[in-house]
Amino acid sequence: MKEIKDIIKSYELAEKAGLKTALATVVRVEGSSYRRPGARMLICENGQLTGAISGGCLEGDALRKALLAINQQENRLVTYDSMDEDDAKFGVQLGCNGIVHILFEPIIKDDGLNPIVLLKTANARRENCVIATLFSLDDKSQPGSVMLFRENDCLEKVAEEVSGSLKNDAFDVLKLKMSRFESYVINGQNFDAFLEFITPPISLIIAGAGNDVQPLVEIASVLGWQITVADGRQTHATLQRFPNSDRILVNKADALLNEIEIDERTAIVLMSHNYNYDLAILAGLLKIKTPYIGVLGPKKKLIRMLDELQIEESRDLSHVHGPVGLDIGAETAEEIAISIVSEIRAVFAGRSGKTLRDKNAPIHVGAEKLEN
């Protein structure tokens, strides 16, 4: 979602400057690639690039292809093959042993459902959604981004003959929480569809506004997370100290839970260095469904807190992480912040946090399902 937010912001600036733009989207990958389907990059006619569709090897040629799409005002599908000698001659060195299909869509301002409108709608609410992109590997006709689907609403510009099937498949993607490909026939022509499952950014709520919270906010901000900093001290919980936070709360512990919203993408970290403050918040959190709770400090601190709260040993506390963070040998506040952010990311991605060197399966979850 960070990439989407950056693209939206860049588009709005380009629009104010009167610059034409195009959106490049990775719609299919065969073999290995630095970015997976759903990676996006906004290209402005002045050469400014926002987002990424590769590790840097495709961006130069992508600029040329995007300018062509802008000038012709039509969608174009371009295929890059790392095993093709012609691609190497033109300086396209993927280095990943894969084939990447990229769709270029000029952004037409008068189109009320252009790709940017769909991305803005996806970014407007903390709600899972599906964006459907239609393309053809064999035909010059490239419908592009045609639908944004959520459980209770839908934006679409797709042929009526496939609208129902597309919505049904998007609903399945929404329920299974996994992107996938489907095939459809429109006016006798075959089209592939990339049905991309998109989640809202992680909401990070930090109870505490000490100096060690500052690098945590900075790192989470770089990732595009929504950040709330809460503390009972007015002198500490200020926008001047945490300019990259989205929200600052000055609350007593027992009032904090009434001020925040917790959903399936919310992580709460207790690091106020005030035992009673953290204890009161933990007591409230354990009464509601909270996907991730991190407690800064030694394990004996968490054990003491659970004992005082009279939490039964048989209770499932797998969502409570104390000490918070991955074991990376962190010592400084910055290193501890990296450790905390890494653990939260791993938990929400369903990953172990172990070294990739020892992983035998593809790096990306479901990568093998998105290649065929």
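Named according to an unreviewed UniProt entry, the protein chain is Alanine dehydrogenase originating from Pedobacter paludis.

(A) Quick peek at the nonpolar core. Among the nonpolar cores identified, the biggest contains 24 residues, and Leu 204, Ile 206, Leu 216, Trp 225 and Ile 344 are the most heavily contacted of them. It is helix α10 (residues 333–349) that provides the largest number of residues to this core, a total of five residues. If you look at the next biggest cluster of nonpolar residues, it comprises 23 residues, including Ala 207, Ala 253, Tyr 275 and Leu 302.

(B) Just helix α2 (residues 59–72), in detail. Under the 1.5 Å per step criterion, the end-to-end length of α2 is 20 Å for 14 residues, consistent within 8% with the ideal 20 Å. All buried positions along α2 are accounted for by Glu 59, Asp 61, Ala 62, Ala 66, Ala 69 and Ile 70. The inward-facing, buried residues of α2 contact β1 (21–31), β2 (40–44), β3 (49–51), β4 (76–81) and β5 (98–106). Where α2 terminates, the next one or two residues include Gln 73, which has phi positive at roughly 55°.

(C) Expanded view of the domain arrangement of the protein chain. Looking at the assigned domains, one finds that the protein chain contains domain 1 (1–198) and domain 2 (203–349). The C-alpha-based centres of domain 1 and domain 2 are spaced at 36 Å. Listed as interface residues are five residues of domain 1 and, on the opposing side, nine residues of domain 2. Across the domain 1/domain 2 interface, buried area totals approximately 550 Å², and carbon plus sulfur atoms make up 29% of it. Of all residues in domain 1, Lys 2, Lys 5 and Arg 126 give up the largest surface area on contact with domain 2, accounting jointly for 82% of the area buried on that side.

What counts, and at which threshold
Residues numbered from 1 in each chain as written. Predicted model: local features only at pLDDT ≥ 70, side-chain atom pairs only at ≥ 80, totals over all residues. Heavy atoms only, no water. Core = buried A, V, L, I, M, F, W, Y, C linked by side-chain atoms within 4.5 Å. Buried < 20%, exposed > 50% of the residue type's maximum accessible area, 1.4 Å probe, protein only. Helix = DSSP H or I, 4+ residues; strand = E, 2+ residues; numbered from the N terminus. Expected span 1.5 Å × (residues − 1). Contact = heavy atoms within 4.5 Å. Domains from an automatic or database assignment. Buried area = accessible area lost by both parts, 1.4 Å probe.

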